[in-house]
Amino acid sequence: MNRQAQAAVLFLVGAAVLHASVTDLYLRYVKAGLRPLLLAAGVVLIVTALAAVWYEIRDHRKASAARSGDGQDTGRDTGHATGRGFANSNADANIDADAGADTATATATDEHSEGQGIGHGEGHPHGDGHGHGHEHGHREPLISWLLILPLLALILVAPPALGSYSAMRAGTALQAPFGYAKLPAGDPVTLGLVDYASRAAYDHGRSIGGRQVKVVGFVALDGAGAPYLVRMALNCCAADAQPVKIGLSGRIPPVLRPDTWLEVTGRYTAKRAKDPVNGGVIPYLQVSAAKPVPTPRDPYDESWNN
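Residues numbered from 1 in each chain as written. Predicted model: local features only at pLDDT ≥ 70, side-chain atom pairs only at ≥ 80, totals over all residues. Heavy atoms only, no water.

*Asks:* Give me the lowdown on the nonpolar core, citing residues and values where you can.
*Replies:* Formed by 26 residues in total, the largest nonpolar core has its most connected members in Y196, V213, V215, L229, V244, I246 and V264. When contributions to this core are tallied by element, the ones reaching two or more residues are helix 7 (193–202), strand 2 (213–221), strand 3 (227–233), strand 4 (242–250), strand 5 (261–274) and strand 6 (281–292). No other element matches helix 7, which puts six residues into this core. Core analysis: the second largest hydrophobic core is formed by 14 residues, A167, A220, M232 and Y300 among them. (Core = buried A, V, L, I, M, F, W, Y, C linked by side-chain atoms within 4.5 Å. Buried < 20%, exposed > 50% of the residue type's maximum accessible area, 1.4 Å probe, protein only. Helix = DSSP H or I, 4+ residues; strand = E, 2+ residues; numbered from the N terminus.)

*Asks:* Give a description of the pairing of strand 6 that names residues and reports values.
*Replies:* Taken residue by residue, a regular strand's side chains alternate between the two faces of the sheet. Examined bridge by bridge, strand 4 and strand 6 share four bridges and lie parallel to one another. Bridge pairing links L248 to L285 in strand 6. Both strand 5 and strand 6 contribute to a ladder of 11 bridges, which runs antiparallel. Residue pairing in the sheet places T269 in a bridge with Y284 of strand 6. Taken together, strand 5 and the strand that follows it, strand 6, pair antiparallel across an intervening segment of six residues, in which G279 is found at a positive phi of about 75 degrees. (Pairing = 2+ DSSP bridges.)

*Asks:* Give me the pattern of salt bridges: which residues, what numbers.
*Replies:* Counted according to the given criterion, the structure contains four salt bridges. The partner of R206 in a salt bridge is D203, and the shortest N-O contact between them spans 3.7 Å. The partner of K291 in a salt bridge is E263, with the nearest N and O atoms 3.6 Å apart. Placement of K291 in strand 6 and of E263 in strand 5 is noted, with a sequence separation of 28 residues between them. (Salt bridge = Lys/Arg side-chain N within 4 Å of Asp/Glu carboxyl O.)

*Asks:* Can you break down the pairing of strand 4 residue by residue, with the values?
*Replies:* Across the nine residues that make up strand 4, a large majority, seven, are buried. Sheet topology note: the strand 3/strand 4 ladder contains six bridges and is antiparallel. Within strand 4, the position partnered with V230 by the bridge is K245.

*Asks:* With reference to specific residues and values, describe helix 7.
*Replies:* Spacing of three or four residues puts side chains on the same side of an α-helix, whose turn is 3.6 residues. Of all the 10 residues making up helix 7, eight are buried; the element is thus mostly covered by neighbouring parts of the structure. Every buried residue belonging to helix 7 is among L193, V194, Y196, A197, S198, R199, A200 and A201, and all of these are buried. Contacts made by the buried residues of helix 7 are with strand 2, strand 3, strand 4, strand 5, strand 6 and strand 7 (300–301). (Contact = heavy atoms within 4.5 Å.)

*Asks:* If you had to explain the confidence of the model for the chain to someone new, which residues and values would you point to?
*Replies:* For the chain, per-residue confidence averages 77 on the pLDDT scale, and 74% of positions sit at 70 or higher. By mean pLDDT, the top-scoring element of the chain is strand 2 (95), and the lowest-scoring one is helix 3 (residues 97–123) (44). (pLDDT = per-residue confidence, 0-100.)

*Asks:* Lay out the packing of aromatic side chains in plain terms, naming residues and giving numbers.
*Replies:* Under the counting rule described, the total for this entry stands at two aromatic pairs. Between the aromatic rings of W54 and Y55, the centroid separation amounts to 5.0 Å while the plane-to-plane angle is 75 degrees, which identifies the pairing as edge-to-face. For Y55, a relative accessible area of 39% gives the class partly exposed. Where F218 meets W261, the ring centres are 5.5 Å apart and the plane angle is 65 degrees; that geometry is what we call edge-to-face. Taken together, the residues F218 in strand 2 and W261 in strand 5 connect sequence positions 43 residues apart. Each member of the pair, F218 as well as W261, is classed as buried. (Phe/Tyr/Trp six-rings, centres within 6.5 Å; stacked < 30°, edge-to-face > 60°.)

*Asks:* An account of unusual backbone geometry is needed here, citing residue identities and associated values.
*Replies:* With omega at 10 degrees, the peptide bond leading from D187 into P188 counts as cis. Checked against the element boundaries, P188 lands in the loop between helix 6 (164–167) and strand 1 (189–190). Residues other than glycine seldom take positive phi values, yet H204 does so here, at roughly 55 degrees. Within the secondary structure, H204 is located in the loop between helix 7 and strand 2.

*Asks:* Run through a nonpolar patch on the surface, naming residues and quoting values.
*Replies:* A cluster of nonpolar side chains, namely I143, L146, L149, L152, L156 and V157, defines an oily patch on the protein surface of about 600 Å² accessible area. If you trace the backbone, L156 turns up in helix 5 (residues 148–156). By relative accessible area, which is 65% here, L156 ends up exposed. (Patch = residues over 30% accessible without salt bridge, like charges linked within 9 Å, V, L, I, M, F, W, Y side chains within 5 Å. Areas by Shrake-Rupley, 256 points an atom, 1.4 Å probe, with all protein chains shown as cover.)

*Asks:* Which residues make up the side chain of R231, and what values go with them?
*Replies:* Along the chain, R231 turns up in strand 3. Buried charged residue R231 carries no salt bridge. Nearest counter-charge: D301, at 5.0 Å. Among the polar contacts listed, one links the side chain of R231 to the backbone oxygen of D298, at a separation of 3.3 Å. From its side chain, R231 meets the backbone oxygen of P299 in a polar contact 3.3 Å long. Excluding residues within four positions of it along the chain, R231 makes contact with L193, V216, G217, F218, Q242, P243, V244, W261, D298, P299, Y300 and D301. (Lys, Arg positive; Asp, Glu negative; His and termini not counted. Polar contact = N/O pair within 3.5 Å; in protein donor to acceptor, adjacent residues only side chain to side chain.)

*Asks:* Mind laying out the environment of Y202, listing which residues take part and the relevant values?
*Replies:* Take Y202: it is sitting in helix 7. Residue class for Y202 comes out partly exposed when judged on its relative accessible area of 33%. Spatially, the C-alpha atom of Y202 lies 8.7 Å from that of Q175, the residues being 27 residues apart in sequence.

Here is the structure:
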């Protein structure tokens, strides 16, 4: 991969990172708070690619100028040598025949030597042939083109957010908070799934009182078909996402498909279960109404570690 190809790959990767950053695509990979860093990384990659192209053009121009200068110097040297030859010929016009014969003999000898030199050079290519082989010996390995694979993944593949398959194979990440914020006015009150789960599991619903809550999450079913409402909690990126689950009881819709996003309205219930994966607590919500909703702009929940 030459310098121009490297610059092209850098530019395309930077453009793909910028594209993901200015849209919501980056939320499939990292938390929302990392958006400024992604924007900066994309700009740095693009600037680096443009700088590499500029340096390549500058070096090419310098090399062309150097070759032109060498050609002009060679022409001047040839002209001077020719002039000197004519002058020497006129000055030596009166030299005796023996000296002329000696000169002719020496010239013939030199020509014969040059012919032998040329023949030796053609028979034993040590100059250009060696340099050409040396150039091929330092060719960049083809494995460097694997750098394009992440670029193709960014451009061609937009992976969905982690869903029920991952959620039911990992233990709940619910943690006891340091405190609980005062709930806003209204009934039902809209809560994040992680917020409701922590209030139900560790505050036993006291901060909720008898009010209805409205929670959004995606559906996951265990091996027995029991439904859960889940949000994947994000610490840094999708690689470390962990589920927070709440069980559903009461007026559950008769048909639930995994990974369907629901807005569930209900009340706190003291019912709870243990997560079969890690033994963590799973609180429940007594459902009074449920309806499907579109996938949120940010499918991950970051409130659990804030």
